[in-house]
Amino acid sequence: MESGNAQAGFVALAHAVAPGMRGKGKYSEVSEKDYPPLAQGVVLLSRSQHKREAAQFLEYVKTKESAELFRKYGFTLPQ
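Everything numeric in this text was worked out from a predicted model, so none of it was measured.

So, how was this worked out
- Residues numbered from 1 in each chain as written.
- Predicted model: local features only at pLDDT ≥ 70, side-chain atom pairs only at ≥ 80, totals over all residues.
- Heavy atoms only, no water.
- Helix = DSSP H or I, 4+ residues; strand = E, 2+ residues; numbered from the N terminus.
- Rg over C-alpha atoms; globule rule 2.2 N^0.38 Å.
- Buried < 20%, exposed > 50% of the residue type's maximum accessible area, 1.4 Å probe, protein only.
- Contact = heavy atoms within 4.5 Å.
- Areas by Shrake-Rupley, 256 points an atom, 1.4 Å probe, with all protein chains shown as cover.
- Patch = residues over 30% accessible without salt bridge, like charges linked within 9 Å, V, L, I, M, F, W, Y side chains within 5 Å.
- Salt bridge = Lys/Arg side-chain N within 4 Å of Asp/Glu carboxyl O.
- Phe/Tyr/Trp six-rings, centres within 6.5 Å; stacked < 30°, edge-to-face > 60°.
- 1 Å grid on protein atoms, 1.4 Å probe; cavity = no way out; pocket = protein on both sides within 12 Å on 5 of 7 lines; lining within 4 Å.
- Points joined across faces, edges and corners; volume = space filled by probe spheres on them.
- Nonpolar A, V, L, I, M, F, W, Y, C, P; charged D, E, K, R; others polar.

Draft legend 1. Structural detail: the overall build of the protein. Each helix and strand counted, the protein has 3 helices and 0 strands in total. Starting at the N terminus and walking to the C terminus, you meet the elements of the protein as α-α-α. On C-alpha atoms alone, the protein measures out to a radius of gyration of 16 Å, which is more than a quarter above the 12 Å that the 2.2 N^0.38 rule sets for 79 residues. Projecting the C-alpha coordinates of the protein onto the three principal axes gives extents of approximately 45 × 30 × 25 Å. Here the protein holds 79 residues, and the buried ones make up 9% of them. Counting only contacts in the protein whose residues sit at least 6 apart along the sequence, the fraction spanning at least 24 positions is 32%. When the accessible surface of the protein is summed, it comes to about 7500 Å², and 55% of that surface belongs to carbon and sulfur atoms.

Given below as structure tokens:
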């Protein structure tokens with residue numbers, strides 16, 4: 001859509017509200033009752049060459065600070 005090749009499309013809310021998209025169009029949210037939830041997860045890869053950094057990132061993902069960012073960009077968090 002940003003290229004101008006389409007008049008409308010579906011994107012994740014996180015993309016629609018990202019700072020780089022400000023002023024580049026309009027968006028409307030699809031009601032959560034109109035589609036099944038998309039379960040996402042996070043894993044640490046055992047063969048990673050950056051295990052320490054990956055573990056640090058995973059710990060950050062679990063923080064209150066990151067939860068606020070997830071919510072800001074339209075993600076809902078598990079209870």
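Draft legend 2. Main features of a nonpolar patch on the surface. On the surface, a nonpolar cluster with roughly 380 Å² of combined accessible area is contributed by Phe10, Val30 and Tyr35. Positionally, Val30 belongs in the loop between α1 (13-16) and α2 (51-61). Here Val30 falls in the partly exposed class, since its relative accessible area comes to 42%.

Draft legend 3. Representation of the packing of aromatic side chains. Scanning the model with the defined rule gives 1 aromatic pair in all. Between Phe70 and Phe75 the ring centres are 5.8 Å apart and the planes differ by 80°, which places this aromatic pair in the edge-to-face class. In this structure Phe70 comes out as partly exposed when scored by relative accessible area, which is 30%.

Draft legend 4. Fine view of the layout of surface pockets. One number sums up the size of the largest pocket: a volume of about 1700 Å³. If you trace the largest pocket, you find 46 residues lining it, with Ala12, Leu13, Ala14, Gly74 and Phe75 closest to the centre. Counting only elements with at least two residues in the lining of the largest pocket, the list comes to α1, α2 and α3 (64-72). With 4 residues, α1 is the largest single contributor of residues to the lining of the largest pocket. Looking at the lining of the largest pocket residue by residue, the class counts come to 26 nonpolar, 12 polar and 8 charged.

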